[in-house]
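# Overview (structure and organization)
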Amino acid sequence: MRHHLLIVLFFLSPVLARAELAPSAYEAMQAAASDYVRIEVLRVDVEPGSEPTDQNVSLVATVSEVIRTGSGLKPGDIITITYVLKEHPKGWAGPGPVPVLSESQQTIAYLKKEETGDYSPAAGRMSFSNF
């Protein structure tokens with residue numbers, strides 16, 4: 001009986017477990033981010049994406065403090081942060097989604113500048129928070 005239970009648990013464990021990146025992986029992404037700033041969110045837009053399970057997120061924010069910048073950000077700059085939020089099927093294992101911030105929210109942000117001039121989250125779900 002115990003043997004059968006172990007076999008069942010072995011095959012169900014991928015379904016039951018949600019694989020997340022190790023904290024050290026997020027810390028490495030935060031350290032590699034070209035821009036580390038404090039922002040205040042002015043506007044949040046969430047629209048349907050190109051796939052039925054995708055949402056395009058666009059945040060307009062003002063930079064209130066620059067901690068580190070590789071793109072020349074200054075306090076008072078207004079930036080746009082864009083990313084795609086993907087809905088995964090139940091039981092999907094992988095890193096958590098980047099959060100959608102709310103208007104007037106003040107937070108830190110680990111960002112990278114894109115060729116479009118917009119910024120994107122540089123540390124996955126930990127782009128807007130520290131450990």
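This text follows the structure it describes.
Described in the following lines is the structure provided in the data block. Bear in mind that the values here come from a model prediction, so they are computed numbers and not experimental data. (Residues numbered from 1 in each chain as written. Predicted model: local features only at pLDDT ≥ 70, side-chain atom pairs only at ≥ 80, totals over all residues. Heavy atoms only, no water.)

## Quick notes on the overall build of the chain
For clarity, the threshold we go by: Secondary structure is summarised from DSSP: a helix means a run of H or I of at least four residues, a strand means a run of E of at least two, and numbering begins at the N terminus for each. Exposed residues in this analysis have more than 50% of their type's maximum accessible area, buried residues have under 20%, and partly exposed residues fall in between, with area computed by a 1.4 Å probe over protein chains only. In what follows, residue pairs with any heavy atoms lying within 4.5 Å of each other are defined as contacts. Accessible surface is estimated by sampling points in the Shrake-Rupley manner with a 1.4 Å probe; for residues, cover comes only from the protein chains shown.
A tally of helices and strands in the chain yields 2 helices and 5 strands. If you list the helices and strands of the chain from N to C, you get α-α-β-β-β-β-β. Going through the 131 residues of the chain one by one, you find that 30% of them count as buried. A fraction of 62% describes how many contacts in the chain between residues 6 or more apart in sequence connect residues 24 or more apart. Surface summary for the chain: the accessible area is close to 8200 Å², and the carbon and sulfur share equals 58%.

## Topic: the pattern of salt bridges
Let me state the cut-off plainly: Basic side-chain nitrogens of Lys or Arg form a salt bridge, by our definition, when they fall within 4 Å of a carboxyl oxygen of Asp or Glu.
Following the criterion strictly, the structure yields 4 salt bridges and no others. Between Arg38 and Glu65 there is a salt bridge, with the nearest N and O atoms lying 3.7 Å from each other. Remark: Glu65 occurs in strand E2 (residues 54-68) and Arg38 occurs in strand E1 (residues 35-48); sequence separation between them is 27 residues. The partly exposed category is assigned to Arg38, whose relative accessible area is 33%.

## Focus on the side chain of Asp35
The cut-off we apply is this: In summary, the charge assignment counts Lys and Arg as positive and Asp and Glu as negative, without counting His or the chain termini. Two N or O atoms form a polar contact when they lie within 3.5 Å of each other; inside protein one atom must be a possible hydrogen donor and the other a possible acceptor, and for residues adjacent in sequence the pair counts only when both atoms belong to side chains.
You can see Asp35 is positioned in strand E1. No salt bridge is formed by the buried Asp35; the nearest opposite charge belongs to Arg68, separated by 7.6 Å. A distance of 2.9 Å separates a polar atom in the side chain of Asp35 from a polar atom in the side chain of Ser71. Leave out the neighbours within four places in its chain, and Asp35 touches Arg68, Thr69, Gly70, Ser71, Leu73, Ala109, Tyr110, Leu111, Lys113 and Tyr119.

## Considerations on the environment of Leu101
The residue Leu101 is located in the loop between strand E3 (78-86) and strand E4 (106-113) in this model. Spatially, the C-alpha atom of Leu101 lies 9.9 Å from that of Glu40, the residues being 61 residues apart in sequence. In contact with Leu101, not counting residues within four places along its chain, are Ile39, Val41, Val44, Leu59, Tyr83, Thr107 and Phe128.

## Side note on the packing of aromatic side chains
The line we're drawing: Only Phe, Tyr and Trp rings are paired, with Trp represented by its six-membered ring, and only when their centres lie within 6.5 Å; those with planes under 30 degrees apart are stacked, over 60 edge-to-face, the remainder tilted.
Taken as a whole, this structure holds 1 aromatic pair when the rule is applied. Seen from their ring centres, Tyr36 and Tyr110 are 4.2 Å apart, and the 10° between their planes marks the pair as stacked. Here the residue Tyr36 occupies a position in strand E1, and Tyr110 occupies one in strand E4, the gap between them amounting to 74 residues. For the pair shown, Tyr36 and Tyr110 are each scored as buried.

Geometry only, nothing functional implied.
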